[in-house]
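# Report on the structure
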Amino acid sequence: MGDRPASVRIHDFLEVDTGLTPDEAVIEAERCIQCKKPGCVKGCPVGIDIPAFIAAVAQKDFVGAAAIIKEENLLPAICGRVCPQEVQCEGVCILGVKEQPVRIGALERFVADWEREHAPKIPAVAEPTGYRVAVVGSGPAGLAASFELAKRGHQVTMFESLHAPGGVLMYGIPAFRLPKDVVQAEVDQLREMGVDIRCNHLAGASVSMEELDHFDAVLVATGAGLPFFMGIPGEQLSGVYSANEFLTRVNLMHANRFPVYDTPIKRGRRVVVVGGGNVAMDSARVARRMGAKVTLVYRRRAEDLPARKAEVERAAEEGVKFLLCTNPVRILGDQSVSGVECVRMEMCDLDQSGRPEAVPVEGSAFTIEADLLVQAIGQGPNPLLIRRLSGVAYGRKGNLVVDENGKTTRERYYAAGDVATGAATVILAMGGAKQAALAIDAMLRGEPFGEGKEE
Amino acid sequence: MYRVEEAKALAERVYQVWVRAPQVARHARAGQFLIVRIDERGERIPLTISAVQGDLVRIIFMAVGKTTRQLAALEEGDHVLDIAGPLGRPSEIQNDGRVIVVGGGVGIASLPLIAREARSAGNYVIGIIGARNADFLILEDELAGICDELHVATDDGSRGHHGFPADLLKQEISRHKIDCVWIIGPAIMMKVTSNVTRPAGIKTFVSLNPVMVDGTGMCGSCRVSVGGETRFACVDGPEFDAHLVDFELLMQRQRYYLEEEKESMEHYHEHACRCGEGTHHG
Ligand SMILES: Cc1cc2nc3c(=O)[nH]c(=O)nc-3n(C[C@H](O)[C@H](O)[C@H](O)COP(=O)(O)OP(=O)(O)OC[C@H]3O[C@@H](n4cnc5c(N)ncnc54)[C@H](O)[C@@H]3O)c2cc1C
Ligand SMILES: Cc1cc2nc3c(=O)[nH]c(=O)nc-3n(C[C@H](O)[C@H](O)[C@H](O)COP(=O)(O)OP(=O)(O)OC[C@H]3O[C@@H](n4cnc5c(N)ncnc54)[C@H](O)[C@@H]3O)c2cc1C
Ligand code: SF4
Ligand code: FES
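These numbers were taken from a predicted model, which means no experiment stands behind them. (Residues numbered from 1 in each chain as written. Chains lettered and ligands numbered in written order. Predicted model: local features only at pLDDT ≥ 70, side-chain atom pairs only at ≥ 80, totals over all residues. Heavy atoms only, no water.)

### Section: the nonpolar core
Generally speaking, nonpolar side chains in soluble globular proteins are found buried as a group. Counting residues in hydrophobic clusters, the biggest one holds 79 residues, and the most contacted among them are Ile-50, Phe-53, Ile-54, Val-57, Leu-107 and Leu-219 of chain A. Broken down by element, the residue count for this core peaks at ten residues, all from helix α18 (residues 426-445) of chain A. Residues Ala-11, Val-19, Val-36 and Ala-118 of chain B belong to the second largest nonpolar core, which totals 52 residues. (Core = buried A, V, L, I, M, F, W, Y, C linked by side-chain atoms within 4.5 Å. Buried < 20%, exposed > 50% of the residue type's maximum accessible area, 1.4 Å probe, protein only. Helix = DSSP H or I, 4+ residues; strand = E, 2+ residues; numbered from the N terminus.)

### Some thoughts on the pairing of strand β3 (residues 33-37) of chain B
Residue and element names in this part refer to chain B. Of all the five residues making up β3, five are buried; the element is thus mostly covered by neighbouring parts of the structure. Direction of pairing for β3 relative to strand β8 (residues 82-87): antiparallel, over a ladder of four bridges. Bridge pairing links Val-36 to Ile-83 in β8. (Pairing = 2+ DSSP bridges.)

### Thoughts on the interface of chain B and chain A
Each partner contributes residues to the interface: chain B has 44 residues there, and chain A has 45 residues. Each partner contributes to the roughly 3,800 Å² buried at the junction of chain B and chain A, and carbon and sulfur atoms together form 51% of this total. Summed over the shared surface of chain B and chain A, the result is three salt bridges. Lys-66 of chain B is paired through a salt bridge with Asp-262 of chain A; the nearest N and O atoms lie 2.7 Å apart. Summed over the shared surface of chain B and chain A, the result is 21 residue pairs in polar contact (both at pLDDT 80 or more). Looking at the side of chain B that touches chain A, the elements with two or more residues in it are α1 (22-27), α2 (66-72), β8, β15 (223-226), β16 (229-232), α8 (247-254) and α9 (258-275) of chain B. The biggest single contributor to the side of chain B that touches chain A is β8 of chain B, with six residues. Across the side of chain B that touches chain A, the residue classes tally to 15 nonpolar, 15 polar and 14 charged. (Contact = heavy atoms within 4.5 Å. Buried area = accessible area lost by both parts, 1.4 Å probe. Salt bridge = Lys/Arg side-chain N within 4 Å of Asp/Glu carboxyl O. Polar contact = N/O pair within 3.5 Å; in protein donor to acceptor, adjacent residues only side chain to side chain. Nonpolar A, V, L, I, M, F, W, Y, C, P; charged D, E, K, R; others polar.)

### As for the site of ligand 2
Residues and elements named next belong to chain B. What surrounds ligand 2 is a group of 23 residues, the closest being Pro-46, Ile-60, Thr-68, Met-212 and Gln-254. Between ligand 2 and Met-62, the relevant distance is 3.0 Å, taken from an oxygen atom to a main-chain nitrogen or oxygen of the residue. Here ligand 2 loses 87% of its free accessible area of 860 Å² to cover by the protein chains. Looking at the shell around ligand 2, the elements that each hand over two or more residues are β4 (45-48), β6 (56-62) and α2. Ranked by residues supplied to the shell around ligand 2, first place goes to β4 with four residues. (Near = heavy atom within 4 Å. Areas by Shrake-Rupley, 256 points an atom, 1.4 Å probe, with all protein chains shown as cover.)

### Digging into the packing of aromatic side chains
Residue and element names in this part refer to chain B. Under the criterion given, the structure shown has ten aromatic pairs over all chains. Here the aromatic rings of Trp-182 and Phe-205 are separated by 5.3 Å at their centres, their planes lie at 25°, and the arrangement is stacked. Here Trp-182, found in strand β13 (residues 180-184), pairs with Phe-205, found in strand β14 (residues 203-207); they are 23 residues apart in sequence, far enough to count as distant. Residue Phe-205 is classed as buried on the basis of its relative accessible area, which comes to 7%. (Phe/Tyr/Trp six-rings, centres within 6.5 Å; stacked < 30°, edge-to-face > 60°.)

### Regarding a nonpolar patch on the surface
Residues Ile-33, Ile-94 and Val-97 of chain A make up a contiguous nonpolar surface patch of about 320 Å² in total accessible area. Take Ile-33 of chain A: it is sitting in the loop between α2 (22-30) and α3 (39-43). (Patch = residues over 30% accessible without salt bridge, like charges linked within 9 Å, V, L, I, M, F, W, Y side chains within 5 Å.)

### Looking at the site of ligand 3
The environment of ligand 3 is formed by 13 residues, the closest being Cys-44, Cys-83, Gln-88, Cys-89 and Glu-108 of chain A. Counted by class, the shell around ligand 3 contains nine nonpolar, three polar and one charged residues.

### Observations concerning the sheet that holds β8 of chain B
Across a sheet, paired strands are connected by hydrogen bonds in the backbone, their directions being either parallel or antiparallel. All names here are of chain B. Strands sit in the order β4-β3-β8 across an open sheet of three strands; the sheet is antiparallel. Two strands in the sheet have a free side with no partner beyond their single neighbour: β4 and β8. Mean inter-strand twist for the sheet, computed between neighbouring axes without regard to direction, equals 25°. (Axes fitted to C-alpha atoms, helices over the stretch in contact; angles between N-to-C directions.)

### Focus: the sheet that holds strand β17 (residues 239-241) of chain B
Residues and elements named next belong to chain B. Ordered in space as β12-β11-β10-β9-β13-β14-β17, the seven strands form an open sheet in which the pairing is mixed. Each edge of the open sheet is held by one strand with a lone partner, namely β12 (161-162) and β17. With seven bridges joining them, strand β9 (residues 98-104) and strand β10 (residues 124-131) adopt parallel strand pairing. Residue pairing for β10: Gly-103 is matched across the bridge by Ile-129. Together, β9, β13 and β14 form the strand contacts of helix α6 (residues 187-197), whose direction differs from that of β13 by roughly 165°.

### Concerning the side chain of Ser-194 of chain B
All names here are of chain B. By the element assignment, Ser-194 lies in helix α6. For Ser-194, a relative accessible area of 0% puts it in the buried group. The contacts of Ser-194, once residues within four sequence positions are left out, are Ile-183, Thr-204, Ala-242, His-243 and Phe-247.

So, in structure tokens, the structure goes:
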């Protein structure tokens, strides 16, 4: 159980966490005290019956455990790996008060991996209803919604602009956290359930608005793929990457294996990553694996880092240097990057989000050497498709406004995932998508949905 | 998989390939491009949509590096793994009056669709095409059939005017009132040629070709500076107001992977020699 040593893992892209053995899983499951009022279930955005699946693990019924999880979550191998369990299910586990919470995420992953390797089961599909639903985008939201809709007998066509389905799971999250064959296997289940996955189809361009309108319902799950830039001088220099570009080149295009794969990437000797979220951690750890000295620059304190704690610790173990309370103000260089000018930040009052506001300290400017800079400071919904949809309302951040069932202000159009919420998490995207799928199902059948009807 | 229906050489190192890509063909408009990935290990490269017929789209490209050489080796019946598109914004074509479309080298490939749409919008369309010499000139007959007039220039005078398309453009502007101009070719040619229309303030579009990855606004690789603002060529472009484009920056960013491009070619040759894979031994 546990992580491969940092000294070994920084030389490859194989999974860091090796997962639980069957014996370990059973022992861990036996720690669960089977609360009468389990907080963990409420802590899970899709409400998995956690005590029940853990009880099945304790009885060594791994396949049964998988079936329990899959009633609520069809991508458990993914969620078990990338969910921020510490603030969700595990965060409210009663055992966490005195000792360690039950490792729910690790157990979920174990069960999912076991099922996939020993007894893969394709969910049953209902009689065809004759309704056709378009799902645009194949990230966690699109996948989760397609599962629900296909299960209920609707003919689902999924459009994906890239050449591989999976969204951020494929192009963003590195293989050492989420192996691509795991994503692939979960996507393949969809194909077996009859979902028509059309890659290389950009909705709004390869598929027109009129063509979308011909479907009985449309779920927009296009994510938040638009990278933000800081807007500081020097950003145009070669050697400045958005995290999306950096990660896409490596994860989707395998640029780390250039020239065996054709897509190039600059490796960099000294790489500066700006940001403090999961995306920043992933970028820093990828750069480490490509042989660079990596400095992560974040404007707030360690306790404010939005990334998952475990991943921050792993990044540190892997030799990523953290430069906290620091903000870049200028990128230096002639044609390509040679350094980054930064200032120190001081913590003062709490800002609107309740976090301490970071203010630059006067006269504190200093320079760090760098030949690559990766900006991981956030991203917003890609406007490409959604700006062409007439009759929909947009939120402040360019997201699609939806009601609690994922319905947009346009008839028969729903939205879920990051495009509706802004950049969030895999499980929240899935939870929203599932809700939207159920609402679409009810709408198609002409049944009431929402008020008073439980999910 | 996307099937190659026809492939042939048009000029030295310039090739024309028709591929079956219905989703692209159905929606393609002038000024748009597609992205090709040849095989599992391939790079995603952008190419202009040069013509459309039924389910087929035509691409025309110069074999410069590894991917375009691989494309050049394709024959009828071969397949490429991925084609995505149409991408980018269509050309802004209106009934302006008298318009000129200028193409340099392989950039001429973009002109047929633009010229055709401009004519059907009611414009009088003048075509100007130029190349290093007569052997590099493409689509002359085709464009002669689409444009109201067509003028030709070669750097060495082996065909048409001895000189640059910019000279011919200057002439036309001095003769008639011109309402709108498109200039498409290598960055340096677009930079120089668009200076011709600048003093008179003639609306001029260029089609920018920065390095791209996804082509959908997701990676930010294709950022260019237009009027001092950062824009993404793949979604805000590829056509922009020529007089606002920072061409120096474009060229600088285009050069960023020169070393890797060389390495890729070397790897390709080495690999091709050892096992014959990847090249076409016709
Ligand atoms: C590097 C990184 C690391 C992360 N780490 C974690 C983590 O550890 N844990 C966690 O819970 N969350 C993490 N997240 C966040 C999580 O990945 C996202 O919240 C989640 O992927 C959102 O899912 P989605 O389905 O809404 O969108 P996406 O995953 O973004 O998928 C959208 C898909 O739609 C496609 N698309 C867009 N426009 C169109 C169009 N017009 N036509 C067709 N297709 C289109 C895109 O190509 C993409 O494939 C991370 C995000 C990133 C970027
Ligand atoms: C919107 C757009 C339309 C284009 N249309 C055409 C066309 O119709 N015909 C044509 O011959 N060429 C066109 N290009 C250029 C074409 O994409 C490059 O020539 C091609 O990528 C070269 O690939 P390569 O592997 O053969 O060469 P490489 O040796 O890899 O590169 C040669 C040159 O191509 C540029 N290049 C490499 N990869 C990319 C990439 N992913 N995106 C953009 N540029 C890249 C490099 O800057 C370099 O200068 C277009 C580019 C863009 C952005
Ligand atoms: S899906 Fe996420 S929150 Fe729910 S039980 Fe699994 S790890 Fe916990
Ligand atoms: S090519 Fe990625 S944003 Fe334009």
